[in-house]
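The lines below spell out each chain.
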Amino acid sequence: MNEISPDRPVVDTTAEGSAVVEPDEAVVQGRGCHGGEEHLIKAAKDAGKSDLLDQYARDYPQGPHDKPQSMCPAFGSLRVGLRMRRTATVLSGSACCVYGLTFTSHFYGARRSVGYVPFNSETLVTGKLYEDIRDAVEVMADPERYDAIVVTNLCVPTASGVPLQMLPKQINGVRIVGIDVPGFGIPTHAEAKDVLASAMLKYARSEIDAGPVQAPERVVRDRPCIALLGEMFPADPIGIARMLDPLGIALGPVVPTREWRELYAALDCRAAAAIHPFYTATVREFEEAGRAIIPSAPIGKEGTSEWLDAVADAFAIPQAKSDAAKNAVLPVISDALKDSLIKGRVTLSGYEGSELLVARLLVESGADLRYVGTACPRTRWSDPDREWLEAKGVHVNYRASLEQDLAAVEEFNPDLAIGTTPVVQKAKEKAIPSLYFTNLISARPLLGAAGAGQLGAIINAAIGNKSRFDEMRSFFEGVGTHDTAGIWEDTPTINSEFRRKNAKRRENAQKAAKSDRVEGAIGC
């Protein structure tokens, strides 16, 4: 994490050339971050962010309950920016939030500096924070290093109305992209990816409308192209390109892109495939550019067949060509599915946005899938997957809460639970084999022929470990759980009344602290 203060000399200490300095005063750590969502929303609207929050509410509806329990959503947009070449990232937020986000980004292998503009109550109240951000991007705007600088407001600057939209659109030829990613406006980190991807796409559209732009590194001129929406395993786009070849269609960029020029190539495509269906604002940019949007993905045999038909229809490809493309790939998928049949009952949950696609593949692989929960919202681009799963008797739950995911494990008592960390933990406590969705399931090829046989081996191996869980549970039987865990001469007595009184004291203390923080946040 590199703190940038234009009032101090710039000290270049990293390969990326970020300025690292000490702030003049103690940074306001966490002030207002936990002051209550309703108060932060009110403060943001009072500060002129009403239109922005209203658009977020339309793009990322939160119902039926408040919001999923997930990591800070800003990690999603931070990840998108850090994966792009020649792109700098600057965060404006409470120091504790920035520290957590940079720690997480480096944990996931970012290997790149993150800029940080510190603030305190005075700079928030006087508007000096905006000036500091503007001065900081001027210091960083080196066209030899960067094509773009992404500046992100976290909760407190958004609630305080820091106007990133007033930043210069470019400095020294370096594009400046300002976005607000507050935890009280963006429900999940998956949707925060959409916030930045759509902002960049909108900027690129304005450049194209203004005149000639720099040509992408790879340009396909002899065939129409299709762009893909959603971060996916690197082998998946390669497999999709092979499926599209008999149709006479080339594969365009994957959005979010890895460099700025790819945005031009994406907009040059005739259509975009919403592989991950939660990119609502990005879809809007493609539609405003006159591009067709294709839902779902080439997942499993039936999904691949339907998707190739949808692509052929969007590109007005003759049926004979469409049939030839399907005949080339569907038998291979069928054989792969037969060779990796899954035997067992499964529940599935996650927050990446690909949960329904994985669910389809599990069902076609023979799994007795009873429940799929996703932290992402329902969109029309996921309707084909939802309808297919519901027709197979699978309960599909959008904006799923942790409690709902855990209740599904309790209700269906699966042979394997696939889910987030707390779901996996709870399942293992019940001696149910379980797998972490993000690292063990979604981080592998899933689409087309390459993905068809991917899940069988790992799922069956995990289910086969049931006896080991039973042995461990039997071994530790009788040592107690939670407060009564361990070896005792006498079994501990739980004093419910004492707990009730202490819980009430903690609740009152939290309410008092929350009231103080809200007053501080609104005062800012």
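Residues numbered from 1 in each chain as written. Predicted model: local features only at pLDDT ≥ 70, side-chain atom pairs only at ≥ 80, totals over all residues. Heavy atoms only, no water.

1. Side note on the overall build of the protein
Across its full length, the protein holds 21 helices and 15 strands. Taken over 524 residues, the protein has a buried fraction of 52%. Contacts in the protein between residues far apart in sequence, at least 24 positions, make up 73% of those at least 6 positions apart. Summed over all atoms, the accessible surface of the protein reaches about 23,500 Å², with 51% contributed by carbon and sulfur. (Helix = DSSP H or I, 4+ residues; strand = E, 2+ residues; numbered from the N terminus. Buried < 20%, exposed > 50% of the residue type's maximum accessible area, 1.4 Å probe, protein only. Contact = heavy atoms within 4.5 Å. Areas by Shrake-Rupley, 256 points an atom, 1.4 Å probe, with all protein chains shown as cover.)

2. Comments concerning the packing of helix α15 (residues 402-412) against helix α16 (residues 421-429)
Here α15 crosses α16 at 30°, and the two axes come no closer than 10 Å. With respect to α16, the axis of α15 lies roughly parallel. Pair α15 / α16 crosses with right-handed handedness. Facing α15, whose interface residues are Leu 402, Asp 405, Leu 406, Val 409 and Glu 410, α16 presents Pro 422, Val 423 and Lys 426. Each residue belonging to the contact of α15 with α16 can be placed in one class, and the counts come to five nonpolar, no polar and three charged. (Axes fitted to C-alpha atoms, helices over the stretch in contact; angles between N-to-C directions. Parallel < 35°, antiparallel > 145°, perpendicular 65-115°, else oblique. Left-handed = near helix turned anticlockwise from the far one by under 90°. Nonpolar A, V, L, I, M, F, W, Y, C, P; charged D, E, K, R; others polar.)

3. A word on helix α11 (residues 300-314)
Relative to the 21 Å expected for 15 residues at 1.5 Å per residue, α11 spans 21 Å between its end C-alpha atoms, a close match to the ideal helical length. For α11, the full list of buried residues reads Gly 300, Gly 303, Thr 304, Ser 305, Trp 307, Leu 308, Val 311 and Ala 312. (Expected span 1.5 Å × (residues − 1).)

4. Regarding the sheet that holds strand β11 (residues 345-350)
Ordered by their spatial adjacency, five strands build an open sheet running β13-β12-β11-β14-β15, and the pairing between neighbours is parallel. The open sheet has two edge strands, β13 (395-398) and β15 (434-436), and neither has a second partner. Between one strand axis and the next, the sheet turns by 10° as a mean value, whatever way the strands run. In this sheet, strand β14 (residues 416-419) lies alongside β11 in parallel orientation, the contact comprising three bridges. In the strand pairing of β14, Thr 347 is matched with Ala 417. Here helix α13 (residues 355-364) sits on the sheet and contacts β11, β12 (368-374), β13 and β14; the angle it forms with β12, its principal contact strand, is near 175°. (Pairing = 2+ DSSP bridges.)

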